[in-house]
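Structural description and commentary
Here is how the chains run, residue by residue.
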Amino acid sequence: MNSTGMITDYPRFVKSFQNVSGLDLNYYKENQMKRRILNFMSTRGYQEDYTDFLKDLSLKPDLYDAFFKHLTINVTQFFRDVKQWDVFREKIIPDLLKTRSSLKIWSAGCSAGQEACTMAIVMAEYFPGINFSILGTDIDINVLKQAQSGIYDERDFASTPPHLLDKYFNKSEKKFQIKNTLTRNLTFKAQNLLTDKFDRGFDLIACRNVVIYFTDEAKDVLYKKFADSLNPKGILFTGCTEHLFGQSQHGLKSVSSFFYQKL
Ligand SMILES: C[S@@+](CC[C@H](N)C(=O)[O-])C[C@H]1O[C@@H](n2cnc3c(N)ncnc32)[C@H](O)[C@@H]1O
């Protein structure tokens, strides 16, 4: 690192880390990634040279997992940004159901599954009798393990209406396990949004709070791929700090804040 604390040979770091992890940091904003890498290294006592750090990443699974988690940022919760879920329930889903009788949904960058489960809860609670499937994908296999277990902590539910928590989760000691009535609609799998192929035929794709560190070029390609994966009139649901500029380029138009419809 130089005197300002920035990693000097960042391209080499990126290449070596890609060999270790398969994650290509070229798709992520360089300055923000450098800051996060530096921050992690210094809290773990790596001061001068990232050569040792990279070597240890291959040798120490706990260090690798912690670093990967730090880079990808898994923070989430059920009903995150609660107002968006009101729009989802009151407008978006009813509009979709005017022209279809079942829904194929994708939570892209699902973390430990809280967003995918929130969608399942809304469907079960407010649209009974409607068939739906929800796919959750994430690059981080550790969060996917939790998603598959369906077990959550109390803090995940800060924005969840209490009656829904009681109805859709079994509580044992301090943990909450999602009920089978919901899990049968949910599937989770590992996927890198930047490099892997996407399924098609979705009626709604939620990709929220995932692209925040992606470069503008990477976001552009991603939104185009999402548009290709949506059915006509399908919806892309973004995070509350994420605006699509030049949406019509991708064949998407805004139908409400943070909801875009495929033309
Ligand atoms: C902050 S969480 C967002 C979770 C949820 N969508 C929400 O809004 O609460 C971001 C997630 O994106 C995932 N992620 C980051 N880069 C990714 C990539 N290239 N492909 C797939 N998932 C990625 C991270 O592993 C993390 O779990």
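Conventions used here
Residues numbered from 1 in each chain as written. Predicted model: local features only at pLDDT ≥ 70, side-chain atom pairs only at ≥ 80, totals over all residues. Heavy atoms only, no water. Near = heavy atom within 4 Å. Polar contact = N/O pair within 3.5 Å; in protein donor to acceptor, adjacent residues only side chain to side chain. Areas by Shrake-Rupley, 256 points an atom, 1.4 Å probe, with all protein chains shown as cover. Nonpolar A, V, L, I, M, F, W, Y, C, P; charged D, E, K, R; others polar. Core = buried A, V, L, I, M, F, W, Y, C linked by side-chain atoms within 4.5 Å. Buried < 20%, exposed > 50% of the residue type's maximum accessible area, 1.4 Å probe, protein only. Helix = DSSP H or I, 4+ residues; strand = E, 2+ residues; numbered from the N terminus. Domains from an automatic or database assignment. Pairing = 2+ DSSP bridges. Axes fitted to C-alpha atoms, helices over the stretch in contact; angles between N-to-C directions. Expected span 1.5 Å × (residues − 1). Arc of directions from axis to C-beta. Contact = heavy atoms within 4.5 Å.

Per an unreviewed UniProt entry, the chain carries the name Chemotaxis protein CheR and comes from Dehalobacter restrictus.

1. Some thoughts on the site of the ligand
As a matter of local geometry, the ligand sits amid 21 residues, with Tyr28, Thr76, Arg80, Asp138 and Asn209 nearest to it. Between threonine 76 and the ligand, the recorded distance is 2.5 Å, taken from a side-chain N or O atom to an oxygen atom. In isolation the ligand exposes 600 Å². Once the protein is present, 98% of that is buried. Looking at side-chain class alone, the shell around the ligand contains eight nonpolar, eight polar and five charged residues.

2. Here's the deal with the nonpolar core
Ranked by size, the top nonpolar core spans 44 residues in total, and within it Phe17, Leu25, Phe53 and Phe226 carry the most contacts. Sorting the residues of this core by element identifies α1 (10-21), α2 (30-43), α3 (50-59), α4 (61-72), β1 (102-108), β7 (202-207), α10 (216-229) and β8 (230-238) as the ones contributing at least two each. Counting residues domain by domain, this core receives three or more from each of domain 1 (10-72) and domain 2 (82-262). Listed in part, the 41 residues of the second largest apolar core include Ala120, Tyr152, Leu164 and Leu186.

3. Observations concerning the sheet that holds strand β5 (residues 175-178)
The strand order β3-β5-β4 describes an open sheet built from three strands, whose pairing is antiparallel. Two strands lie at the open edges of the sheet, namely β3 (151-153) and β4 (169-172), each paired on one side alone. On average, each strand axis in the sheet is tilted by 35° relative to the strand beside it, whichever way the strands run. Two elements, β3 and β5, share three bridges in a ladder whose sense is antiparallel. From the neighbouring strand, isoleucine 151 faces β5, where its bridge partner is glutamine 177.

4. So, α4
Between the first and last C-alpha of α4 there are 16 Å, a value that for twelve residues agrees with the 16 Å anticipated at 1.5 Å per step. Those residues of α4 not exposed but buried are Leu63, Tyr64, Phe67, Phe68, His70 and Leu71. The arc enclosing the buried residues of α4, seen along the axis, measures out at 160°, which places them on a common side. Away from its buried face, by an angle of more than 90 degrees, α4 presents the exposed residues Pro61 and Asp62. Tucked inside the fold, the buried residues of α4 contact α1, α2 and α3.

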